[in-house]
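One letter stands for each residue in the lines below.
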Amino acid sequence: MTIKGVLFDFSGTLFRIEPAGSWLRAALGGLGVALADAESERVAAALERAGALPGGAAPHTVPEHLATAWATRDRSAGLHRAAFTGLAREVPLPDPRLYDALYERHMAPAAWHPYPDAAEVLAGLRERGVGVAVVSNIGWDLRPVFRAHGLDRHVDAYVLSYEHGIQKPDARLFAVACDALGVDPRDALMVGDDRRADSGAADLGCAVRFVDHREVERRPDALRPVLDLVG
């Protein structure tokens, strides 16, 4: 097999969202709301358990009134916002403006950190003439994140679920990416961290490789084997 195109997931694969504590502190600071350190830590932990941080831990329990929005959250910007702000509202916060502020914060480029080997691997694929597409279940435009971190120049196409009304593991989303790169799915490799969502690429004929969704400092080189696979 000759790999002519590589499809990458975004969150947990190329980038990792900031910890819940810094996410909350940024939203508090933006509104000028003060919380004691102990209270801030308690609230951040409660938000994390609720699954309110996109790209963070999944909710322990999805409330029944949010079940539909949660299941289809990546099909539109409105559903994505409704699902995550809804989960956040399960946690009492000192200022009601914080629910929207938290959602806005998670879309900020500063809230995302590339994995240490992401730039090296994307640049290496570019040097080898291998096309790169980002295929993400998401409800907002992540292109500014790539631009802010200097990685946009290595990406040929972005295929975002909310822009197509299709979410992984639906093979149609991976097909859009392969078409955008002009490669046969049998000549493409999908790299992701979600064994359910990203395995949908295999239904199309793509090879699939998984990485672990870990903190940035605990996963320094999981992407580098991709360069060995393409030769």
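Cut-off values and rules
Starting from 1, residues in each chain are numbered consecutively following that chain's sequence as written. In keeping with the model being predicted, local features are shown solely for residues with a pLDDT of at least 70 and side-chain atom pairs are shown and tallied solely at 80 or more, while totals for entire chains, interfaces and linings include all residues. With hydrogens and water set aside, each side-chain value is computed from the structure's full complement of heavy atoms. Definitions used for this entry: grid spacing 1 Å over protein atoms alone; cavity, a set of points where a 1.4 Å probe fits but cannot get out; pocket, an open set with protein on both sides within 12 Å along at least 5 of 7 lines; lining residue, one with an atom within 4 Å of a point. Grid points are joined across faces, edges and corners, and a volume is the space filled by probe spheres set on the points. Classification convention: Asp, Glu, Lys, Arg as charged; Ala, Val, Leu, Ile, Met, Phe, Trp, Tyr, Cys, Pro as nonpolar; all other residues, Gly among them, as polar. Should DSSP find at least two bridges between two strands, the strands are taken to pair. Numbering of helices and strands runs from the N terminus, with a helix taken as a DSSP run of H or I at least four residues long and a strand as a DSSP run of E at least two residues long. Throughout, an axis means a line fitted to C-alpha atoms (over the contacting stretch in the case of helices), and angles, computed between N-to-C directions, take values from 0 to 180 degrees. The contact criterion used is simple: two residues touch if any of their non-hydrogen atoms lie within 4.5 Å. Orientation categories follow fixed angle ranges, with anything under 35 degrees roughly parallel, anything over 145 roughly antiparallel, 65 to 115 roughly perpendicular, and all other angles oblique. Left-handed is the label given to a crossing in which the near helix is rotated counterclockwise from the far helix by less than a right angle, and right-handed is the label when the rotation is clockwise. Buried residues are those whose accessible area, probed at 1.4 Å on protein chains only, stays under 20% of the maximum for their type, while exposed residues exceed 50% and partly exposed ones sit between those limits. Joining through side-chain atoms within 4.5 Å is the link that ties buried Ala, Val, Leu, Ile, Met, Phe, Trp, Tyr and Cys residues into a set, and such a set is a nonpolar core. Only Phe, Tyr and Trp rings are paired, with Trp represented by its six-membered ring, and only when their centres lie within 6.5 Å; those with planes under 30 degrees apart are stacked, over 60 edge-to-face, the remainder tilted. A pair is scored as a salt bridge if a Lys or Arg side-chain nitrogen falls within 4 Å of a carboxyl oxygen belonging to Asp or Glu. The span you would expect from a helix comes to 1.5 Å times its residue count less one.

**Structural notes on the layout of surface pockets**
The calculated volume of the largest pocket comes to roughly 720 Å³. Lining the largest pocket are 32 residues, with Gly55, Arg73, Asp74, Asn137 and Asp194 sitting closest to its centre. A breakdown of the residues in the lining of the largest pocket according to their chemical character gives 14 nonpolar, ten polar and eight charged. Volume-wise, the second largest pocket comes out at about 210 Å³. For the second largest pocket, the lining is made up of 13 residues, of which Arg16, Ile17, Glu18, Pro19 and Glu215 are closest to its centre. For the lining of the second largest pocket, the per-class residue count stands at six nonpolar, two polar and five charged.

**Digging into the sheet that holds strand β5 (residues 157-160)**
Strand pairing in a sheet is mediated by backbone hydrogen bonds. Such pairs are either parallel or antiparallel. Pairing within the open sheet is parallel, and its five strands lie in the order β5-β4-β1-β6-β7. Looking at the sheet topology across the chains shown, the edges are occupied by β5 and β7 (207-210). Direction aside, the axes of adjacent strands within the sheet are offset by 20 degrees on average. Where strand β6 (residues 188-192) and β7 come together, four bridges link them in parallel fashion. If you follow Leu189 over to β7, its bridge partner there is Ala207. Running over the sheet, helix α6 (residues 118-127) touches β1 (5-8) and β4 (131-136) and is turned about 155 degrees from β1.

**Here we look at the packing of helix α4 (residues 77-88) against helix α5 (residues 98-106)**
Closest axis-to-axis distance for the α4/α5 pair is 9 Å, and the angle between their directions is 125 degrees. In terms of orientation, α4 and α5 fall into the oblique class. Remark: the crossing between α4 and α5 carries right-handed chirality. Residues Ala77, His80, Arg81, Phe84, Thr85 and Ala88 of α4 lie in contact with α5, whose contacting residues are Tyr99, Asp100, Tyr103, Glu104 and His106. Split by residue class, the contact of α4 with α5 holds five nonpolar, three polar and three charged.

**Here we look at the side chain of Thr13**
Following the sequence through the fold, Thr13 ends up in the loop between β1 and β2 (15-17). Of the residues examined, Thr13 reaches a relative accessible area of 0% and is grouped as buried. What Thr13 contacts, discounting residues up to four positions off in sequence, is Phe8, Tyr115, Val191, Gly192, Asp193, Val211, Arg219 and Leu223.

**Thoughts on the nonpolar core**
Grouped together as the largest cluster of nonpolar side chains are 59 residues, with contacts concentrated most on Val6, Phe8, Phe10, Leu47, Leu125 and Phe146. Those residues in contact with Phe10 that sit more than four places away from it in its chain are Phe15, Trp112, Val134, Val135, Ser136, Ile138, Trp140, Leu142, Val145 and Phe146. Judged by nonpolar contacts, the second largest core, of 16 residues, contains Ala133, Val135, Phe174 and Ala177.

**Let's talk about the packing of aromatic side chains**
Aromatic ring pairs are reported here in terms of the distance separating the ring centres and the angle at which the planes meet. The tally for this structure, following the rule as stated, stands at eight aromatic pairs. Both rings, one in Phe15 and one in Phe146, keep their centres 5.0 Å apart while their planes meet at 65 degrees; by these two values the pair is edge-to-face. Highlighted residues: Phe15 in strand β2 and Phe146 in helix α7 (residues 143-148), separated in sequence by 131 residues. Classification of Phe15 as buried rests on a relative accessible area of 0%.

**What about the pattern of salt bridges?**
Per the stated rule, a full pass over the model turns up 17 salt bridges. Of the charged contacts in the structure, one is a salt bridge between Arg73 and Asp74, with a shortest N-O distance of 4.0 Å. Beyond isolated ion pairs, a larger network of salt bridges with shared partners links Asp9, Lys168 and Asp198.

**What about α4?**
Its twelve residues place the ends of α4 17 Å apart at the C-alpha level, agreeing with the 16 Å of an ideal helix rising 1.5 Å per residue. For α4, the complete set of buried residues consists of His80, Ala83, Phe84, Thr85, Gly86, Leu87 and Ala88.

**Observations concerning the packing of helix α1 (residues 20-31) against helix α2 (residues 37-50)**
How two helices sit against one another is set out by the angle between their axes and by the gap between those axes. It is the contact of α1 with α2, at a shortest axis distance of 9 Å, that shows an interaxial angle of 115 degrees. The orientation of α1 with respect to α2, classified from their angle, is roughly perpendicular. Every pair of crossing elements has a handedness; the one defined by α1 and α2 is right-handed. Of α2, the residues touching α1 (which contributes Ala20, Gly21, Trp23, Leu24, Arg25 and Leu28) are Ser40, Val43, Ala44, Leu47 and Glu48. Class assignment for the residues of the contact of α1 with α2 results in seven nonpolar, two polar and two charged.

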